[in-house]
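What follows is the residue order along each chain.
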Amino acid sequence: MSTVPYVAEKQVAIAAVRRACTLTASVFNKLVKNETLTKDDKSPVTVGDFSAQAVVNTILGHAFPDDRIVGEEDAADMRAESGVELRNRIVELANETLTGPLQPGEENIWGLGSGKAQTAEQIMDVIDRGNYDGGRTGRFWTLDPIDGTKGFLRGEQYAVCLALINNARVELGVIGCPNLPVSASAPTGERGCIFVAVRGEGAYQIPLSPSSTVEPIRLQIPDLSQDQLNLLESVEKAHAKLSFNEKVAQVLGITREPTRMDSQAKYCALARGDGGVYLRMPTGAGYREKIWDHAPGSVLVEEAGGVITDSRGQPLDFGLGRTLGENFGFVAAGKKVHSRVLEAVKKAKEDEATGSA
Ligand SMILES: Nc1ncnc2c1ncn2[C@@H]1O[C@H](COP(=O)(O)OS(=O)(=O)O)[C@@H](OP(=O)(O)O)[C@H]1O
Ligand SMILES: [Mg+2]
Ligand SMILES: [Mg+2]
Ligand SMILES: [Mg+2]
């Protein structure tokens, strides 16, 4: 009899991402929308990032005390003498979120809903549990507490992203997208989704708020026709070379405008067929992409039947540490389209080199 893998990990990861999404939404409403931060405060995104990392790391630490965590943030700014205000705000937010009443699906997760607040030292220490360096062997989590920080501040797309990696293979990915419409066909309709993938078990979309009536939606990248194809790309010009994307789109004969969206919500959109191709090319030499920016998205895409590689067709290597190493860009798409995109990238590069484009 085969057993379903990572059942507890999946339940805990969903609960952690859900709680963190509640927190980031409240940071947005309290601090970003109303601009209630004073001049001396750190930006709301810092408050949001740090407290969301505290929440997720606390929940993971209770459930899996031996697991390591590669998290984007660390508590150095909070420990600084000038960080008292920042520290107080983060501790308050994290405690408020961690002590909130137990939600459906959280019944077996120890420590939640207990009403027991943590001290500032405990919160800073738990944030710093995210300082693991990663590597080729063993099991660890990787966390981006707010991915798409610029999108978060604009009130657009951002995501809370968590993945479990074992021996350099991404086994589980959970992505919380508080601002993503539940269905792309109703862009002004209900918002807030969580995307979940366990290796070998498929990719699913579930509601952001726990629900006993809404069934998980199984995701499968559809076979899009040529006129339905478009690119999913970054909003920030500093993060991806959008002019190159345009050339690739031309080579592919894509006529639809690209969809620009911050964060790993792009991988979620791809997984449910909202766009045909995720393309992210480096803007210059030197920047090393981080594992927390791609681990959950990569397993989601693969479990939705797609393929993700770098722009030369090489597999992503999550065993190199906190980064993915030298950056050649990323291509993710459905199986048939993916190989066409790799060819088109090659052609666009050749044209660029010969100045014929
Ligand atoms: N130079 C450069 N090149 C590539 N990527 C970079 C670069 N600088 C930053 N980052 C990372 O981009 C993450 C956000 O990516 P997005 O796809 O959301 O891009 S965008 O914000 O829409 O432009 C963003 O994640 P967050 O910091 O979590 O927002 C960064 O880790
Ligand atoms: Mg990020
Ligand atoms: Mg981030
Ligand atoms: Mg960042």
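Looking at an unreviewed UniProt entry, one finds the protein chain named 3',5'-bisphosphate nucleotidase, with Irpex rosettiformis as its source organism.

1. A few points about the domain arrangement of the protein chain
Assigned domains of the protein chain: these are domain 1 (7-218) and domain 2 (226-354). Put simply, the middle of domain 1 and the middle of domain 2, counted by C-alpha atoms, are 25 Å apart. Opposite the 50 residues of domain 1 that make contact, domain 2 presents 28 residues. Contact between domain 1 and domain 2 buries roughly 2700 Å² in total, counting both sides, with carbon and sulfur atoms accounting for 60%.

2. Notes on the pairing of strand E6 (residues 202-207)
Both strand E5 (residues 191-198) and E6 contribute to a ladder of six bridges, which runs antiparallel. What sits directly across from Ala-197, in E6, is Ala-203. The hairpin formed by E5 and E6 contains three residues between the paired strands, and Gly-200 there has a positive phi angle of roughly 85°. In terms of strand pairing, E6 meets strand E7 (residues 217-219) through three bridges, oriented antiparallel. Across the sheet, residue Tyr-204 finds its bridge partner in E7, namely Arg-218.

3. Describing the side chain of Asn-179
Tracing the sequence through the fold places Asn-179 in strand E4 (residues 169-181). Engagement of the side chain of Asn-179 in a polar contact is seen with the backbone oxygen of Glu-156, the distance being 2.7 Å. In this structure Asn-179 touches Gly-155, Glu-156, Gln-157, Tyr-158 and Arg-191, once residues within four positions along its chain are discounted.

4. Quick word on the sheet that holds strand E9 (residues 259-260)
If you trace the five strands from one edge of the open sheet to the other, you get E9-E8-E10-E12-E11, paired in mixed fashion. Two strands lie at the open edges of the sheet, namely E9 and strand E11 (306-310), each paired on one side alone. Across two bridges, strand E8 (residues 231-233) lies against E9 in parallel orientation. Paired with Glu-233 across the strands is Arg-260, a residue of E9. Here helix H7 (residues 242-252) sits on the sheet and contacts E8, E9 and strand E10 (277-280); the angle it forms with E8, its principal contact strand, is near 175°. Contacts from helix H10 (residues 335-354) reach E10, E11 and strand E12 (330-334), with the element oriented near 145° to E12.

5. Details of the coordination of the magnesium ion (ligand 3)
With distances of 2.0 to 2.2 Å, the protein atoms coordinating the magnesium ion (ligand 3) are Glu-72 (OE), Asp-144 (OD) and Ile-146 (O). Counting residues between consecutive donors of the magnesium ion (ligand 3) along the chain gives the motif E-x71-D-x1-I. A separation of 3.7 Å is found between the magnesium ion (ligand 3) and the magnesium ion (ligand 2), both of which receive a donor from Asp-144. Of the two residues, Glu-72 sits in the loop between strand E1 (68-71) and helix H3 (76-79) while Asp-144 sits in strand E2 (residues 139-147), which places them 72 residues apart along the sequence. According to the relative accessible area criterion, Asp-144 is buried, its value standing at 1%.

6. Side note on the nonpolar core
Counting residues in each nonpolar core, the largest one holds 54 residues, and the members touching the most others are Met-78 and Trp-141. If you list the elements that add at least two residues to this core, you get helix H1 (7-32), helix H2 (44-63), helix H4 (84-99), helix H5 (120-128), E2, strand E3 (159-166), E4 and E5. If you tally residues by element for this core, the top one is H1, at 13 residues. Those residues in contact with Met-78 that lie beyond four places of it in its chain are Phe-50, Gly-83, Leu-86, Arg-87, Ile-90, Ile-123, Met-124 and Ile-127. Residues Ile-221, Val-299, Ala-304 and Phe-330 belong to the second largest nonpolar core, which totals 39 residues.

Cut-offs used in this document
Residues numbered from 1 in each chain as written. Chains lettered and ligands numbered in written order. Predicted model: local features only at pLDDT ≥ 70, side-chain atom pairs only at ≥ 80, totals over all residues. Heavy atoms only, no water. Domains from an automatic or database assignment. Contact = heavy atoms within 4.5 Å. Buried area = accessible area lost by both parts, 1.4 Å probe. Pairing = 2+ DSSP bridges. Helix = DSSP H or I, 4+ residues; strand = E, 2+ residues; numbered from the N terminus. Polar contact = N/O pair within 3.5 Å; in protein donor to acceptor, adjacent residues only side chain to side chain. Axes fitted to C-alpha atoms, helices over the stretch in contact; angles between N-to-C directions. Donors = N, O, S within 2.8 Å, 3.2 Å for Na, K, Ca; no water. Buried < 20%, exposed > 50% of the residue type's maximum accessible area, 1.4 Å probe, protein only. Core = buried A, V, L, I, M, F, W, Y, C linked by side-chain atoms within 4.5 Å.

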